[in-house]
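Residue strings, one per chain:
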Amino acid sequence: MNEQCIQVKNLTKSFSGRKVINELSFEVNKGEVFALLGHNGAGKSTTIDLILGLKCPDEGNATIFGMDAAKHRKKVFEKVGVQLQHTEYQNMMTVEEACMEYASLYKKPSDYKALLHSFGLSDLKKSYINKLSGGEKQKLSVVLALIGNPELVFLDELTTGLDVAARREVWRTLKHLKEKGLTIFLTTHYMEEAEALCDHVCIIKSGEKVIEGTIAEIVNASGKTDLEEAYLYFMGEEDLL
């Protein structure tokens, strides 16, 4: 039986009277790459915030390693790394200084120099973060999420802003980390990325689950030939192809 590290049960959240998440349920097994897919505004980032205890649900609950993140924040974040879409850094901080600061928060941090090398950032370690390109900042945010040597990492739109070569470089590194036992929860707009990395995906629309399963299960259920066509089919947009 697979060991679960995330359980989401009937999660519901409204803002200003509008339901952003509606009775959403799914599970993530240890050691897998799981993707939450949906358009902008579908509720992906809000779902991550609810799982991490950064926002409180109106109904339902979510646990990480059997714990409510809002109630057991220290224990949860000793095991969890997080890369969110918008990360703010101190002015005039270098890449290396940010890595050293993050590493100091953990008992057994990963080797940040090795991580910088894996993500092609070694030559930028003395650079000020505010001078980096958008893609370089994005890769740095992934490095920082991994510095704590987590068992589980959340990656929200991890390769947005990266060119094709850099995106594939990140994929190779994440596949290597998965082979070492890391569980990865990601959101992405790139169906090719989900196909390349993911064991399991959940597609949501307006905060509600449309379908979940393996890539093959979802493609087969749609009657299409790949995940991108299946995604458009389940979102009711196949006639746009």
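The notes below deal with the structure included here. (Residues numbered from 1 in each chain as written. Predicted model: local features only at pLDDT ≥ 70, side-chain atom pairs only at ≥ 80, totals over all residues. Heavy atoms only, no water.)

## Concerning the sheet that holds strand β5 (residues 80-83)
Inference 1: An order of β5-β6-β7-β3-β8-β9 is seen for the six strands of this open sheet, with the pairing classed as mixed. Looking at which strands have only one partner, the edges of the open sheet turn out to be β5 and β9 (208-213). Taken over all neighbouring pairs, the strand axes of this sheet differ in orientation by 15° on average, direction set aside.
Inference 2: Two elements, strand β3 (residues 33-37) and strand β7 (residues 183-187), share four bridges in a ladder whose sense is parallel. Note on β7: the bridge partner recorded for phenylalanine 34 is phenylalanine 185.
Inference 3: Along the sheet, helix α5 (residues 134-146) makes contact with β5 and β6 (152-156), crossing β5 at roughly 165°. (Pairing = 2+ DSSP bridges. Helix = DSSP H or I, 4+ residues; strand = E, 2+ residues; numbered from the N terminus. Axes fitted to C-alpha atoms, helices over the stretch in contact; angles between N-to-C directions. Contact = heavy atoms within 4.5 Å.)

## With respect to the environment of isoleucine 64
Inference 1: Locating isoleucine 64 in the fold gives a position in strand β4 (residues 59-64).
Inference 2: On the basis of relative accessible area, isoleucine 64 is assigned to the buried category, the value being 0%.
Inference 3: Sequence spacing of isoleucine 64 and threonine 12 is 52 residues, and the spatial spacing of their C-alpha atoms is 17 Å.
Inference 4: If we ignore the near neighbours within four places in the chain, the residues touching isoleucine 64 are Cys5, Ile51, Leu52, Ala69, Val76, Val80, Leu152 and Phe154. (Buried < 20%, exposed > 50% of the residue type's maximum accessible area, 1.4 Å probe, protein only.)

## Considering the packing of aromatic side chains
Inference 1: Enumeration according to the criterion identifies five aromatic pairs in this entry.
Inference 2: With a centroid separation of 5.0 Å and 80° between ring planes, the pair formed by tyrosine 233 and phenylalanine 234 is classed as edge-to-face.
Inference 3: Overall, the relative accessible area of 18% leaves phenylalanine 234 in the buried class.
Inference 4: Over the face of the ring belonging to phenylalanine 65 we find lysine 79, whose NZ or CZ atom lies 5.0 Å from the ring centre. (Phe/Tyr/Trp six-rings, centres within 6.5 Å; stacked < 30°, edge-to-face > 60°. Lys NZ or Arg CZ within 6 Å of the ring centre and 35° of its normal.)

## Focus: helix α9 (residues 227-234)
The α-helix winds at 3.6 residues per turn, so residues separated by three or four positions along the chain end up facing the same way.
Inference 1: Three or more residues of α9 are buried, namely Leu227, Ala230, Tyr231, Leu232 and Phe234.
Inference 2: For α9, the secondary structure elements touched by its buried residues are β3, α7 (191-197), β8 (200-205), β9 and α8 (215-222).
Inference 3: The backbone nitrogen of glutamate 228 lies 3.2 Å from a side-chain oxygen of the residue at the head of α9, namely aspartate 226.
Inference 4: Glycine 236 occupies a position one or two residues after α9 and carries a positive phi of about 75°. (Polar contact = N/O pair within 3.5 Å; in protein donor to acceptor, adjacent residues only side chain to side chain.)

## Quick notes on the nonpolar core
Inference 1: Ranked by size, the top nonpolar core spans 51 residues in total, and within it Leu37, Cys99, Leu140 and Leu186 carry the most contacts.
Inference 2: For this core, the leading source of residues is α5, giving six residues.
Inference 3: Beyond its immediate sequence surroundings of up to four residues, cysteine 99 is in contact with Tyr112, Leu116, Leu140, Val143, Leu144 and Ile147.
Inference 4: Core analysis: the second largest hydrophobic core is formed by 28 residues, Val20, Leu24, Ala69 and Ile204 among them. (Core = buried A, V, L, I, M, F, W, Y, C linked by side-chain atoms within 4.5 Å.)

## Observations concerning the pattern of salt bridges
Inference 1: All chains considered together, the criterion is met by eight salt bridges.
Inference 2: Here glutamate 78 ties to lysine 74 by a salt bridge, and the two come within 2.8 Å at their closest N and O atoms.
Inference 3: Relative accessible area serves as the criterion here: at 40%, glutamate 78 is assigned to the partly exposed category.
Inference 4: Judged by its relative accessible area of 61%, lysine 74 is exposed.
Inference 5: Among the ionic pairs, glutamate 96 bridges to lysine 126, the shortest N-O distance being 2.7 Å. With a gap of 30 residues between them, glutamate 96 in helix α3 (residues 95-103) and lysine 126 in the loop between α4 (112-118) and α5 connect regions that are remote in the sequence.
Inference 6: Since its relative accessible area comes to 60%, lysine 126 is described here as exposed. (Salt bridge = Lys/Arg side-chain N within 4 Å of Asp/Glu carboxyl O.)

## Looking at the pairing of β3
Inference 1: Of all five residues that make up β3, five are buried, and the element is covered over most of its length.
Inference 2: Side chains of β3 alternate between two faces, with Val33, Ala35 and Leu37 and Phe34 and Leu36 buried alike.
Inference 3: Pairing between β3 and β8: four bridges, direction parallel. Counted as the bridge partner of leucine 37 is isoleucine 203 from β8.

## Structural notes on the side chain of arginine 167
Inference 1: Inspection of the secondary structure assignment puts arginine 167 in helix α6 (residues 164-179).
Inference 2: One buried charged side chain, arginine 167, makes no salt bridge at all; its nearest oppositely charged neighbour is glutamate 193, positioned 4.5 Å away.
Inference 3: Not counting the four nearest positions on each side in its chain, arginine 167 is found in contact with Thr159, Leu162, Tyr190 and Glu193. (Lys, Arg positive; Asp, Glu negative; His and termini not counted.)

## Here's the deal with the packing of α3 against α5
Inference 1: One way to put it is that α3 packs onto α5 with a least axis distance of 9 Å and a crossing angle of 25°. Judged by the inter-axis angle, α3 sits roughly parallel to α5. Our pair here, α3 against α5, has a crossing hand that is right-handed. For the pair α3 and α5, the contacting residues are Val95, Ala98, Cys99 and Tyr102 in the first and Leu140, Val143 and Leu144 in the second.
Inference 2: Grouping the constituent residues of the contact of α3 with α5 by class yields seven nonpolar, no polar and no charged. (Parallel < 35°, antiparallel > 145°, perpendicular 65-115°, else oblique. Left-handed = near helix turned anticlockwise from the far one by under 90°. Nonpolar A, V, L, I, M, F, W, Y, C, P; charged D, E, K, R; others polar.)

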